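Per-entry structural report
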Amino acid sequence: MSVSDKSTDPASERTDEGPPNFIRDMVLELLQRDPDARLCTRFPPEPNGYLHIGHAKSIVLNFGLARLAPQGTCNLRFDDTNPATEETEYVEAIQADIRWLGFQWDGPVHYASDYFEQLYRWALDLIRAGKAYVDSQSVEELREGRGSFHQEGRVSPYRERSIEENLDLFQRMRAGEFDEGAHVLRAKIDMASKDVKLRDPLMYRIRKVAHHRTGSEWPIYPMYDWAHGQSDAIEEITHSICTLEFQNHRPLYDWFLDTLGISPRPYQTEFGKLNLTYTVLSKRRLLRLVNEGRVSGWDDPRMPTLAGMRRRGITPSALRAFCERVGVSKHDGAVDISLLEYYIREDLDATTRRVLAVLRPLKVVLVNLPEDAAIEVSAPYHPSDEAFGARTLTVTRELYIERDDFMEDPPKKYFRLAPGREVRLRYAAIIRCVEVIKDEAGEVVELRCTWDPETLGAHPPDGRKVKGTIHWVSASQGLDAEVRLYDRLYTVEDPMGHDGDFTEVLNPDSLVTLRGCKVEPSLGDAPVGDRVQFERAGYFCVDPDSRPGAAVFNRTIALKDSWAKIAAKK
RNA sequence: UCGGGGAUCGUCUAAUGGUAGGACUGCGGAUUCUGGUUCCGCCUAUCAAGGUUCGAAUCCUUGUCCCCGAACCA
């Protein structure tokens, strides 16, 4: 390709889609050779748990690939071949999560269970072709017969059953004549293969368990390897994208498709799934957190599930941007959680209005203001985007400031309030602390300050510099609220690398609930899900637990805090 | 030990024989009525050793380390 045709090169259109990657390149090359080539991907979750951010990467990848061509499509298919663990609740939650993330699959929702009949007929074909047989060994015999990495497999005594007998047995398996474990259907490949996966893998097992869609119609269920590739083929998927741990399955994937002679057929490509520091992404372990009550549910804001992140206040667009940026490769690494945090802040900074809220209130009395003072100030909702508008805040004689914004004996470089020192009240005027009131225990319970009217909405006329600005809420006008501060769920970067159980490194402070917080009056009618920035504190959203007059805010993420860094160094 | 994959700044990822680039993090600085944002700057990488070549992250050889695989899970 020459440089001059760059403008018509499909590869040049990738600019808005994040960095290039080997799968995208593969598809782009195909499209360059044949612009009319069919392009169909699929997202194939098993409905046995909720979607997490790792699935988001896969969704963004698969839907993104389909969009590379105008005729490209991406299916949603539930890989529901194990009725013991799958439920309708998950089927519904997964669809809601995909839509929330901002994607819509093409055509109807597909299910591997839609293909049970076709799969069954193909299995009969394989038996007739002498490529599959019914084995009647026990689980233990099967396992032993499979051999090991260093030892060849042993041929089953049932391997040479006649085609007629296999047909009869398999049909009776399907008819429900046998108990679980009595027989299995195996592909006849090669018990001596160095690839353990190819040592006559199981295609069907007997499971007398009701299926969430097919009920009790089927007493036998196809195994993943038998169902997946054929399901792809039925849907005429062209690119079957999956994660690295399925690389070992590809020879089998190919064997079934080739042996059946299905055409056109899909091809599997693997990529490294997303891993995140301070995070565990494994449906089995997330299920444990839920079942053991370590979190409040699949949508606990600390969970890396899409449902949890949604409740936490994280936006779909931040997630999408993150998934684009982490890239796609065959390297199995762990992305630093700070990259995710960056995209969350970037999006929220642009899209949320600023409000004032005091999380840990400390009372301040402005001694030179009359009892009924009500000084109105206009405060823009966003520092750089006028479209957000403004609201009016009222300064009253008594108000609340953050406990952290006052220190009796401040260290160097602390430019907030201290005895005798000045600070600006955000959007209002400068105050000076003239008296500190303590209780019997010696704890500071109130500050007396003077209000400097000359600095209301203006710099001090005498030119003096007041570096600090703090947020505040009127004592009489502020609203009470509950605030839930969320932090990382684990105390270590790699919870699974920890010796022992991953629950041992759960962060005991991952949720801190604050009651008696004070928020500005404009928040009185904030709807559930509403996202705001509490100035100087972080981004928050209204939790569904909120009740009229008793709002609950979840902290999505704190603002970057360079003072905390300075303070921590000392 | 057998089979399949993978090794590039601290992290993720580009560069497919021709200047090792970007993002995040970290560290400085400027601006700022958010210790936020924004802007500017700096630090830091080709797993190792040989070989081919004018030239190697890229090709070859050997080695090292890491991941996956012996479920009637997906």
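All of these numbers come straight from a predicted model, not from anything done at the bench.

1. Looking at the overall build of chain A
- A tally of helices and strands in chain A yields 13 helices and 25 strands.
- For chain A, the C-alpha radius of gyration of 31 Å lies well beyond 25 Å, the compact-globule estimate for 570 residues.
- Within the span of chain A, comprising 570 residues, buried residues form 52% of the whole.
- Expressed as a percentage of contacts within chain A between residues at least 6 apart in sequence, the contacts between residues at least 24 apart total 70%.
- Carbon and sulfur atoms provide 48% of the accessible area of chain A, an area that totals close to 26,400 Å².

2. Side note on a positive patch on the surface
- Taken together, Lys413, Lys560, Lys565 and Lys569 make up a surface patch of like positive charges.
- Classification of lysine 413 as exposed rests on a relative accessible area of 59%.

3. Details of the environment of lysine 283
- Tracing the sequence through the fold places lysine 283 in helix α9 (residues 283-291).
- As for lysine 283 and threonine 305, which are separated by 22 residues in sequence, their C-alpha atoms are 9.4 Å apart.
- Leave out the neighbours within four places in its chain, and lysine 283 touches Glu46, Asn48, Gly49, Tyr50, His52, His55 and Trp298.
- Polar contacts involving the side chain of lysine 283 include one to the main-chain carbonyl oxygen of glutamate 46, which spans 3.1 Å.

4. A short note on the protein's contact with RNA strand B
- Neighbouring residues of RNA strand B: 68 residues in total, closest His150, Val326, Ser329, Arg354 and Arg426.
- In RNA strand B, atoms within 4 Å of the protein come 62% from sugar and phosphate.
- The separation between a base oxygen of RNA strand B and a polar side-chain atom of arginine 354 is 2.4 Å.
- Between RNA strand B and the protein, one listed contact pairs a phosphate oxygen with a side-chain N or O atom of arginine 536 at 2.7 Å.

5. A look at the packing of aromatic side chains
- All told, the structure shown has 18 aromatic pairs when counted by the stated rule.
- When the centroid spacing of 5.0 Å and the interplanar angle of 15° are considered together, the rings of tyrosine 50 and tryptophan 298 count as stacked. Here tryptophan 298 lies in the loop between α9 and α10 (306-312) and tyrosine 50 lies in the loop between β1 (40-43) and α2 (53-66), a separation of 248 residues in the sequence. Tryptophan 298 matches tyrosine 50 in its accessibility class, with the two residues each being buried.

6. Quick notes on the packing of α2 against helix α11 (residues 316-326)
- Where α2 contacts α11, the two axes come as close as 9 Å, and the packing angle between them is 75°. Considered as vectors, α2 and α11 are oriented roughly perpendicular to each other. The residues of α11 that touch α2, namely those facing Ile53, Ala56, Lys57 and Val60, are Leu319, Arg320, Phe322, Cys323, Glu324 and Val326.
- Grouping the amino acids of the contact of α2 with α11 by side-chain chemistry returns seven nonpolar, no polar and three charged.

7. Observations regarding the nonpolar core
- Counting 37 residues, the largest nonpolar core has Ile53, Ile59, Phe63, Ile98, Leu319, Phe322 and Leu340 as its most contacted members.
- No other element matches the six residues that α2 contributes to this core.
- With residues near it in sequence (within four places) discarded, isoleucine 59 still touches Phe43, Leu51, Gly64, Ile98, Leu101 and Phe103.
- Ranked by size, the runner-up nonpolar core spans 35 residues in total, among them Trp122, Leu124, Leu185 and Ile220.

8. Structural notes on the packing of α11 against helix α12 (residues 337-351)
- As a packed pair, α11 and α12 sit with axes 9 Å apart at the nearest point and diverge in direction by 140°. What the angle tells us is that α11 and α12 run oblique. The element α11 and its partner α12 pack so that their crossing is right-handed. Mapping the contact onto sequence places Ser317, Ala318, Leu319, Ala321, Phe322, Arg325 and Val326 in α11 and Leu339, Leu340, Tyr343, Ile344 and Asp347 in α12.
- Its residues assigned to classes, the contact of α11 with α12 shows nine nonpolar, one polar and two charged.

9. A closer look at the sheet that holds strand β4 (residues 132-135)
- Strand order in the open sheet formed by four strands is β4-β5-β6-β7, with antiparallel pairing between adjacent strands. Each edge of the open sheet carries a strand with a single partner, namely β4 and β7 (220-222). Sheet twist, expressed as the mean angle between neighbouring strand axes with direction ignored, is 20°.
- With three bridges joining them, strand β5 (residues 184-187) and strand β6 (residues 202-206) adopt antiparallel strand pairing.

10. Here's the deal with the domain arrangement of chain A
- Entries for chain A in the domain assignment read domain 1 (11-108 + 228-276 + 313-346), domain 2 (115-222), domain 3 (354-477) and domain 4 (478-570).
- Computed from C-alpha atoms alone, the centre-to-centre distance between domain 1 and domain 2 is 30 Å.
- On the domain 2 side, the residues contacting the 24 residues of domain 1 number 23 residues.
- With both chains or domains summed, domain 1 and domain 2 bury close to 1,900 Å², and 75% of this area falls on carbon and sulfur atoms.
- Our count for the contact surface shared by domain 1 and domain 2 stands at zero salt bridges.
- Linking domain 1 with domain 2 are four residue pairs in polar contact (both at pLDDT 80 or more).
- Counting only elements with at least two residues in the side of domain 1 that touches domain 2, the list comes to α3 (88-101), α7 (224-234) and α8 (250-260).

Conventions used here
Residues numbered from 1 in each chain as written. Chains lettered and ligands numbered in written order. Predicted model: local features only at pLDDT ≥ 70, side-chain atom pairs only at ≥ 80, totals over all residues. Heavy atoms only, no water. Helix = DSSP H or I, 4+ residues; strand = E, 2+ residues; numbered from the N terminus. Rg over C-alpha atoms; globule rule 2.2 N^0.38 Å. Buried < 20%, exposed > 50% of the residue type's maximum accessible area, 1.4 Å probe, protein only. Contact = heavy atoms within 4.5 Å. Areas by Shrake-Rupley, 256 points an atom, 1.4 Å probe, with all protein chains shown as cover. Patch = residues over 30% accessible without salt bridge, like charges linked within 9 Å, V, L, I, M, F, W, Y side chains within 5 Å. Salt bridge = Lys/Arg side-chain N within 4 Å of Asp/Glu carboxyl O. Lys, Arg positive; Asp, Glu negative; His and termini not counted. Charge placed at Lys NZ, Arg CZ, Asp CG, Glu CD. Polar contact = N/O pair within 3.5 Å; in protein donor to acceptor, adjacent residues only side chain to side chain. Near = heavy atom within 4 Å. Phe/Tyr/Trp six-rings, centres within 6.5 Å; stacked < 30°, edge-to-face > 60°. Axes fitted to C-alpha atoms, helices over the stretch in contact; angles between N-to-C directions. Parallel < 35°, antiparallel > 145°, perpendicular 65-115°, else oblique. Nonpolar A, V, L, I, M, F, W, Y, C, P; charged D, E, K, R; others polar. Core = buried A, V, L, I, M, F, W, Y, C linked by side-chain atoms within 4.5 Å. Left-handed = near helix turned anticlockwise from the far one by under 90°. Pairing = 2+ DSSP bridges. Domains from an automatic or database assignment. Buried area = accessible area lost by both parts, 1.4 Å probe.

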